[in-house]
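One-letter residues, chain by chain:
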Amino acid sequence: MCSSDLSEPRKYYSESDEQINLRARTAQAHGLMPILCVGESLDQREARETERVIHRQVEQGIEGVDPLRLIVAYEPIWAIGTGKTCAAEEANRICGLIRGWVGNPDVIVQYGGSVTPATIDSLMAQPEIDGVLVGGASLDPISFARICNYQPVAVAA
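For clarity, every value in this text was computed on a predicted model and none was experimentally measured.

(A) How the structure looks around the sheet that holds strand β1 (residues 35-38). Strand order in the open sheet formed by four strands is β1-β2-β3-β4, with parallel pairing between adjacent strands. Across the chains shown, the open sheet's two edge strands, defined by having one partner strand only, are β1 and β4 (131-133). Pairwise comparison of adjacent strand axes, ignoring direction, gives a mean angle of 35° for this sheet. In the sheet, strand β2 (residues 71-74) pairs with strand β3 (residues 108-112) via four bridges, with the strands oriented parallel. Counted as the bridge partner of valine 72 is valine 109 from β3. Those strands touched by helix α4 (residues 50-61) are β1 and β2, and its axis lies near 155° from that of β1.

(B) Fine view of the state of the cysteines. With the rule as written, the count across this model stands at zero disulfides. In this structure cysteine 86 is a free cysteine whose sulfur lies 8.4 Å from that of cysteine 95, the closest cysteine sulfur available.

(C) Up close: the pattern of salt bridges. Here the structure, examined in full by the defined rule, presents 11 salt bridges. One salt bridge connects glutamate 90 with arginine 45, and the closest N-O pair in it is separated by 3.3 Å. Here arginine 45 lies in helix α3 (residues 42-46) and glutamate 90 lies in helix α5 (residues 88-102), a separation of 45 residues in the sequence. Each member of the salt-bridge network shares a partner with another, and the members are Glu40, Arg45, Glu51, Glu90 and Arg93.

(D) Main features of the environment of methionine 33. Tracing the sequence through the fold places methionine 33 in the loop between α2 (17-29) and β1. What makes methionine 33 partly exposed here is its relative accessible area of 41%. Along the primary structure methionine 33 and isoleucine 71 are separated by 38 residues, whereas in three dimensions their C-alpha atoms are 7.2 Å apart. Non-local contacts of methionine 33, meaning those with residues more than four positions away in its chain, are made with Leu68, Arg69, Leu70 and Ile71.

(E) The pairing of β1, seen in detail. Every second residue of β1 is oriented toward a common face, with Ile35 and Cys37 on one face and Leu36 and Val38 on the other, all of them buried. Direction of pairing for β1 relative to β2: parallel, over a ladder of four bridges. Each bridged residue has a counterpart across the sheet, and for cysteine 37 the counterpart in β2 is alanine 73.

(F) Quick peek at the side chain of arginine 99. By the element assignment, arginine 99 lies in helix α5. A polar contact of 3.1 Å, which involves the side chain of arginine 99, links it to the side chain of aspartate 130. With sequence-adjacent residues up to four places away left out, arginine 99 is seen in contact with Asn104, Pro105, Val107, Val109, Glu128 and Asp130.

(G) Spotlight on α5. Taking 1.5 Å per residue, 15 residues should reach 21 Å; α5 reaches 21 Å between its end C-alpha atoms and fits that length. Among all positions of α5, only Ala88, Glu90, Ala91, Asn92, Ile94, Cys95, Ile98, Arg99 and Val102 are buried. On its buried face, α5 sits against β1, α3, α4, β2, β3 and α6 (120-124). Phi for glycine 103, located one or two positions after α5, is positive at around 85°.

(H) Quick look at the packing of α2 against α4. In the contact formed by α2 and α4, the axes pass within 8 Å of each other and the chain directions differ by 40°. Accordingly, the angle class assigned to the pair α2 and α4 is oblique. Taken as a pair, α2 and α4 cross one another with a handedness that is right-handed. Contacts between α2 and α4 pair Asp17, Glu18, Asn21 and Ala24 from the former with Arg56, Gln57, Gln60 and Gly61 from the latter.

Cut-offs used in this document
Residues numbered from 1 in each chain as written. Predicted model: local features only at pLDDT ≥ 70, side-chain atom pairs only at ≥ 80, totals over all residues. Heavy atoms only, no water. Pairing = 2+ DSSP bridges. Helix = DSSP H or I, 4+ residues; strand = E, 2+ residues; numbered from the N terminus. Axes fitted to C-alpha atoms, helices over the stretch in contact; angles between N-to-C directions. Contact = heavy atoms within 4.5 Å. Disulfide = S-S within 2.5 Å. Salt bridge = Lys/Arg side-chain N within 4 Å of Asp/Glu carboxyl O. Buried < 20%, exposed > 50% of the residue type's maximum accessible area, 1.4 Å probe, protein only. Polar contact = N/O pair within 3.5 Å; in protein donor to acceptor, adjacent residues only side chain to side chain. Expected span 1.5 Å × (residues − 1). Parallel < 35°, antiparallel > 145°, perpendicular 65-115°, else oblique. Left-handed = near helix turned anticlockwise from the far one by under 90°.

Function cannot be inferred from these measures alone, as they are strictly geometric.
See the structure below:
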């Protein structure tokens, strides 16, 4: 259900939270598992509105949606296709907030926003990030293979 990124319809087509919620409910009604993408613009981040904006998007996005059949992706709009990546620790913090707002500790929460071979290790090392949505890096087979073949670093016992 993520067009290429669901955050992009919010930005480019002015889709409302209600429209996105309707698409998520419709997807579930047809046996699909929607990906609810949430994220803030650069102006919202700079105005320190990140939490308020994402909380509203999550709250309205999950209304009437079964959280056991849902993936939520944090995709800061300012990072999509820009080469800018949210710091892994900050992405982890936001993903943890999202999990709490959904109210289901088992909901899958992913990160998307200029995921690259250089950032995959630090992103996936975060406990609140369950996976990633890959955009432009998926167009380069070597970059995409590195991301797809990510392996956690083994911790010595």
